[in-house]
Amino acid sequence: MPIQRAKPVETLYEDVADYDLVLTPDAPLASAINRRVDVPQFGTFATTPRRLAAGRREQAEDRSAFLEVIDRTDHDWKSISYAIGNVLQCWEHQGSIESILDYDSYVDTETSDVVEIMAELQSTSRSLTEYTIDEESIAVVGEQQFTTLERAILPDDYDQFDLFIDEPFDYPSFNIFDSSADIIDAILDTVTATTAENVAVVLDASSRYSSLIEAAFDAAGIPYYGGPGFIDEPDHRAFLNLCRAGFRGGETTVGDVQPVLTQMGIDVPIDHNNKRLYEAGIPETAWIREFCQSLTTYTFKEALTEYESQTDTSLVSFHEELGQLGIADVPVSADTVDELAYYLQTYEVPVNRENEGVLLADAKSAGYVDRSVVFHVGLDEDWTHSPPQRPWVDTESQFQRYLNQFQLLIQSGVEQYYLVQDTKGGKPVTPCLYFGELLDDDYDQFSDLDSVAHRRPVADGQIGFEKEELDVEAETVEAISQSSLNSYVNSPRDYFFSRLVDGPDKDYFTEGNLFHDFAEFYVNHPETIDADALSDVVDVMADEARPLFAGTDEPLRRRSYRIGLETIIEYLDAHGPESDDFLTPSSGWGSNFFADYFDEPIDSPLTERWFENTSIGIKGKIDLVTAPDHLLDFKSGRKKSRRDVVKQAAIDPPNDTPNFQAALYLCHYRTMHPDEPISFTFFHFLETVDDVITGDADLDDTLTTVKYYPWTFDEHVGSRQAYETLLDGYNDCVATFEELGFDAYAQIMTELSFPGTTAKDELRESSFAASFTAAVDEQTGGDVDVEKGCDQAIRELNSCRKKSFFRDDLDAIERFVTDRIEELNQYRRGDTRFPVEGLDGEPNYRRIDHRDLLLEGTTDE
């Protein structure tokens, strides 16, 4: 069915101008008709059934009933609210308050009490039930939108007028923007304080658009109304947050009380957010800690007064609401705080505000908006009503009412503007489901319909913000660290924000740094760490990390600390460097926690060795140089295999979880030791924690060592190292190549070229495999299984390729880094924006640190 064209309000007024009384389903529509009255009118002209029966604007009778019932019963607040909602909805759809009692599964003590109490209250529903219309000439507009209870007010004789005419409505094009911020900017480009009275914005009140448009109007000095409610007031939310924090216990973090700190005018750096409030000992949070610890000694009135004194505010309306609820003089308790939070989130508390400026209308509540210019924002599936799932509701009739309301709403205004996003989070935005009933087109997102895409202003041929020329040259990046490269390859935009935005401390960062500092200290001063000193180290690590983990975790953390420290000591005692003669002195990198703690200097060039190799664009910090040909990195995370280490350094295409650390450090170190094989070891010192507890720990299980060979893989397959690998492999492989001998093996390999593929099946079916097997068979006897031995050899050589780095691999890595740095500097100069997508397309969002800052769905916006 097409969208039905709404009858203009002017036409509706002409239809009903001669009647004594006009009833409409929507109060704004009644007001619009009344504004067009051009002759003197005595009494009520256009109104809704509820306003007519109550003799005033409709009150929130659910809240009024709730306040009455909690005052007269001892039922818990949630069950009362649930019963009131059912009673009012059934009354609306069935016409009488007792109707709910016909549905046995919904009748309980709370419901019976609610029916009894509400039957006595002077509510608008009761007024509707009892009201009789005296006027003789009555017009009813859009009767199909009236509920059963609203129809009960109608007399036997009245005239009906439809809301729609028998013509289709050609909806305006959807204006597609890249982000919600762009939509807000488009509105601000149009609306001023002078034109605000002529403008309305229709949106889902619970969406992010709501808070964004309110903040934008506040910043621009544009008046508006219909926006934030009682619970949206920052001080109201902060006080509730503070009360909840008082019962969250020792796991309350500084981040949990940031709203309160903000209202107190206190700025605590974001790096403290994950720290536990009572363990961090931050001076700025002292009053909050004291308040939370004393909370149960206060009444709600006293607690609110304390909050007012600290924030220099006066929350008169909140005091009044506490009085309405009957809890102002009640001691604060966890249950009552939960009930207060539930009440404020469930019911709309009246807020006194001036009805001036831009009208903000909720898409799920409004049926008509009488403004010249109406911006319809979002128009996505959040505009769809949740169908009431109750037996007393005629779902088909209710759906039709919703559909009619939607059709009327999207035609509000002389000028309508549909402002939407086509994608969010890299996924298509689903248009409001009512469009599926109204449009004949097949579509999945707004761009499939009649739409216009809006991009940011174009400057110098590039999409982006219009730029003001400044006489400042962009700083050039000459070298990049492995962590930055990992982030950049996954998402350049996320890398960019990592340079701008601080993040909270993490427990694993803090603990990892402490372990690294201990390892560095132990290399330099092993004699200092005896049993007592080791216990001190565990204590101080627990003290430093305690604000970042749950108190119940401390015994397990302490055990992990001790095992990790003992494993580090065991490794360094067995494999630590014996000399640093092969290195030039180094100033080290930064400070060391345990050097300060034990008051001992750190001066070895073997540990925490910082390098910045601008010739190949790489910088970093080597944890430990154990030998001229061996680097080591301490890791507190889970162990990865040699194959995983090499696989994560792939560049064509990049791995889904890129990690270039081993490859980059080997690239740098080979410039210092050219033409030499180099080993790189990841020492996962926490890998055997469980095994230590069971007595089955093996130090080798903590180590992952990859090798770099200063020759190509093609050269490697004929080398002595490769041959030795075959003699340490599968049984048939060992037997075959022991009999063949190295000289014959090397001669065969010089005549063949190992395939480029790494797929096992393709290798087996390659001409290389056939030629290799035939050549080996020719030079060995019949005592070995040549075919099986050669198959195992090919697999072993291929496995070596997957677990090692060769000269051409690192050459490619260096070219890759050079290209990325050149690309990065182009972005930094502003030639184009940092894209969201990485080199392999959509980023791995599990590796994204600034998810809420990315505008997904485009790569170059």
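Please read these numbers as outputs of a predicted model, since none were measured by experiment.

Draft legend 1. Highlighting the overall build of the chain. Across its full length, the chain carries 36 helices and 23 strands. In terms of overall dimensions, the chain has a C-alpha envelope of 115 × 65 × 65 Å along the principal axes. Taking all 861 residues of the chain together, 50% fall into the buried category. Within the chain, counting contacts between residues at least 6 apart in sequence, those at least 24 apart form 73% of the total. Total accessible area on the chain stands at roughly 41,200 Å², and carbon and sulfur atoms take up 43% of it.

Draft legend 2. Region of interest: the nonpolar core. Judged by nonpolar contacts, the single largest core of 75 residues is most densely connected at Phe66, Met118 and Ile288. Looking at this core, the element that brings in the most residues is helix α5 (residues 77-94), giving 8 residues. Those residues within four positions of Ile288 in sequence are excluded, and the remaining contacts are Leu242, Val257, Val260, Leu261, Met264 and Leu277. Core analysis: the second largest hydrophobic core is formed by 72 residues, Ile622, Leu632, Phe680 and Ile813 among them.

Draft legend 3. Highlighting the packing of helix α15 (residues 300-311) against helix α16 (residues 316-325). At a minimum axis distance of 10 Å, the contact between α15 and α16 shows a crossing angle of 170°. Here α15 is positioned roughly antiparallel relative to α16, judged by the angle of their axes. Residue-level inspection shows Phe300, Lys301, Leu304, Thr305 and Glu308 of α15 in contact with α16, the latter providing Phe318, His319 and Leu322.

Draft legend 4. Structural context of the environment of Arg764. Topologically, Arg764 is positioned in helix α33 (residues 760-764). Separated by 634 residues in the primary sequence, Arg764 and Glu130 place their C-alpha atoms 89 Å from one another. Excluding residues within four positions of it along the chain, Arg764 makes contact with Ala769, Asp791 and Arg795. At a separation of 2.9 Å, a polar atom in the side chain of Arg764 contacts the side chain of Asp791.

Draft legend 5. Local environment of a nonpolar patch on the surface. A cluster of nonpolar side chains, Leu500, Val501 and Leu853, forms an exposed patch at the surface whose accessible area comes to about 230 Å². With respect to the helices and strands, the residue Leu500 is situated in helix α21 (residues 492-500). Of the residues examined, Leu500 reaches a relative accessible area of 56% and is grouped as exposed.

Draft legend 6. The side chain of Arg820, seen in detail. As for its position among the elements, Arg820 is in helix α36 (residues 807-829). In contact with Arg820, other than residues within four places in its own chain, are Leu485, Tyr488 and Leu839.

Draft legend 7. Up close: the packing of helix α4 (residues 61-72) against helix α6 (residues 109-118). Between α4 and α6, the shortest axis-to-axis distance is 10 Å and the interhelical angle comes to 115°. The pairing of α4 with α6 is recorded here as roughly perpendicular in orientation. Between α4 and α6 lies a crossing whose hand is right-handed. Counting all contacts with α4, which are made through Ala65, Glu68, Val69 and Arg72, the residues of α6 involved are Val114, Ile117 and Met118.

Draft legend 8. Up close: the pattern of salt bridges. All told, the structure shown has 36 salt bridges when counted by the stated rule. With its nearest N and O atoms 3.5 Å apart, the salt bridge here joins Asp380 to Lys424. Taken together, the residues Asp380 in the loop between β11 (373-377) and α18 (395-409) and Lys424 in strand β13 (residues 423-424) connect sequence positions 44 residues apart. For Lys424, a relative accessible area of 28% corresponds to the partly exposed category.

Rules behind the numbers
- Residues numbered from 1 in each chain as written.
- Predicted model: local features only at pLDDT ≥ 70, side-chain atom pairs only at ≥ 80, totals over all residues.
- Heavy atoms only, no water.
- Helix = DSSP H or I, 4+ residues; strand = E, 2+ residues; numbered from the N terminus.
- Buried < 20%, exposed > 50% of the residue type's maximum accessible area, 1.4 Å probe, protein only.
- Contact = heavy atoms within 4.5 Å.
- Areas by Shrake-Rupley, 256 points an atom, 1.4 Å probe, with all protein chains shown as cover.
- Core = buried A, V, L, I, M, F, W, Y, C linked by side-chain atoms within 4.5 Å.
- Axes fitted to C-alpha atoms, helices over the stretch in contact; angles between N-to-C directions.
- Parallel < 35°, antiparallel > 145°, perpendicular 65-115°, else oblique.
- Polar contact = N/O pair within 3.5 Å; in protein donor to acceptor, adjacent residues only side chain to side chain.
- Patch = residues over 30% accessible without salt bridge, like charges linked within 9 Å, V, L, I, M, F, W, Y side chains within 5 Å.
- Salt bridge = Lys/Arg side-chain N within 4 Å of Asp/Glu carboxyl O.
- Left-handed = near helix turned anticlockwise from the far one by under 90°.

Such coordinate-based values are descriptive only and should not be taken to indicate function.
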